[in-house]
Amino acid sequence: MKTTEFTGLRNVENVTKGLQQLLADLQVYYTNLRGFHWNIKGREFFLLHEKFEEMYNDTAAKVDEVAERLLMLGETPAHTFTEYLKTANVKETGVVTGTDEAIKNILDTLKLLIASERELLALASEIDDEVTVALLSDYISGQEKEVWMLTSFLS
């Protein structure tokens, strides 16, 4: 028995494919944020160490929400890094210790995530999947604020 039999959602394949992509991107992003948190050095250490922890905790929550949404739509979420690395548009970073390099990587990743989420939001809208639309809308809203704060920090 599938959840979609009760919710009335049909033709969810493009949305679930997009959610799998987003899940992979978020997992790699999460791992990169952990690396920035562990390895950042310099005058901004205390501020950024704490900020990166806040960001990876937020990303971990998003990973869980996306995986659960996939399950609600009748799909099995990917769960191995082998699968994530094959699928993800976000690339793994090496060890990053510098403030500017870490922040620029985060901004580039957020740009990619926002664009991907907007495309997925449009697909979800086409099939009247309000739950996925709301989820992605919340993500984009928070990420746009994060972009504003990070660009201000670098200025």
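Residues numbered from 1 in each chain as written. Predicted model: local features only at pLDDT ≥ 70, side-chain atom pairs only at ≥ 80, totals over all residues. Heavy atoms only, no water.

K.L.:
Would you mind showing me how to read the nonpolar core here?
P.N.:
When a protein is soluble and globular, its nonpolar side chains tend to lie buried together. If you look at the biggest cluster of nonpolar residues, it comprises 40 residues, and the most contacted ones within it are Tyr 29, Phe 52, Val 66 and Ile 106. Mapped by element, the contributors of at least two residues to this core are helix 2 (13-39), helix 3 (45-72), helix 5 (99-126) and helix 6 (130-154). In contact with Val 66, other than residues within four places in its own chain, are Leu 19, Leu 22, Leu 23, Leu 26 and Tyr 139. (Core = buried A, V, L, I, M, F, W, Y, C linked by side-chain atoms within 4.5 Å. Buried < 20%, exposed > 50% of the residue type's maximum accessible area, 1.4 Å probe, protein only. Helix = DSSP H or I, 4+ residues; strand = E, 2+ residues; numbered from the N terminus. Contact = heavy atoms within 4.5 Å.)

K.L.:
Would you explain the pattern of salt bridges in this entry?
P.N.:
Where charged atoms from two side chains of opposite charge approach closely, those side chains can pair. Inspection of every chain in the model, using the stated rule, returns five salt bridges. Close ionic contact of Lys 51 with Glu 146 constitutes a salt bridge, the shortest N to O distance being 3.0 Å. Linking Lys 51 in helix 3 with Glu 146 in helix 6, this pair joins segments that are 95 residues apart in sequence. Each member of the pair, Lys 51 together with Glu 146, is buried. Here Asp 58 makes a salt bridge to Lys 62, at a shortest N to O gap of 2.4 Å. Placement of both Asp 58 and Lys 62 in helix 3 is noted, with a separation of four residues, approximately one turn of the helix. Overall, Lys 62 belongs to the buried group, its relative accessible area being 10%. (Salt bridge = Lys/Arg side-chain N within 4 Å of Asp/Glu carboxyl O.)

K.L.:
How should the side chain of Asn 32 be read in this particular structure?
P.N.:
On the secondary structure map, Asn 32 appears in helix 2. The exposure class assigned to Asn 32 is buried, which follows from its relative accessible area of 3%. A distance of 3.1 Å separates a polar atom in the side chain of Asn 32 from the backbone nitrogen of Thr 93. With sequence-adjacent residues up to four places away left out, Asn 32 is seen in contact with Val 90, Lys 91, Glu 92, Thr 93 and Asn 105. (Polar contact = N/O pair within 3.5 Å; in protein donor to acceptor, adjacent residues only side chain to side chain.)

K.L.:
Just to check I follow, could you spell out helix 2 for this structure?
P.N.:
Because an α-helix packs 3.6 residues into every turn, residues spaced three or four apart end up facing the same way. Compared with the 39 Å implied by 1.5 Å per residue over 27 residues, the 39 Å span of helix 2 between its first and last C-alpha is a close match. For helix 2, a buried count of 19 out of 27 residues is recorded, marking the element as mostly surrounded by other parts of the structure. (Expected span 1.5 Å × (residues − 1).)

K.L.:
Would you mind going over the packing of aromatic side chains with me for this structure?
P.N.:
Overall, the coordinates contain four aromatic pairs when judged by the stated rule. Aromatic side chains Phe 36 and Phe 52 sit 5.8 Å apart centroid to centroid with 55° between the ring planes, which places their arrangement in the tilted category. Of this pair, Phe 36 sits in helix 2 while Phe 52 is found in helix 3, placing the two residues 16 residues apart along the sequence. Lying over the aromatic face of Tyr 56, Arg 34 brings its terminal NZ or CZ to 4.2 Å of the ring centre. One residue, Lys 62, lies across the ring of Tyr 139, its end atom 5.1 Å from the ring centre. (Phe/Tyr/Trp six-rings, centres within 6.5 Å; stacked < 30°, edge-to-face > 60°. Lys NZ or Arg CZ within 6 Å of the ring centre and 35° of its normal.)

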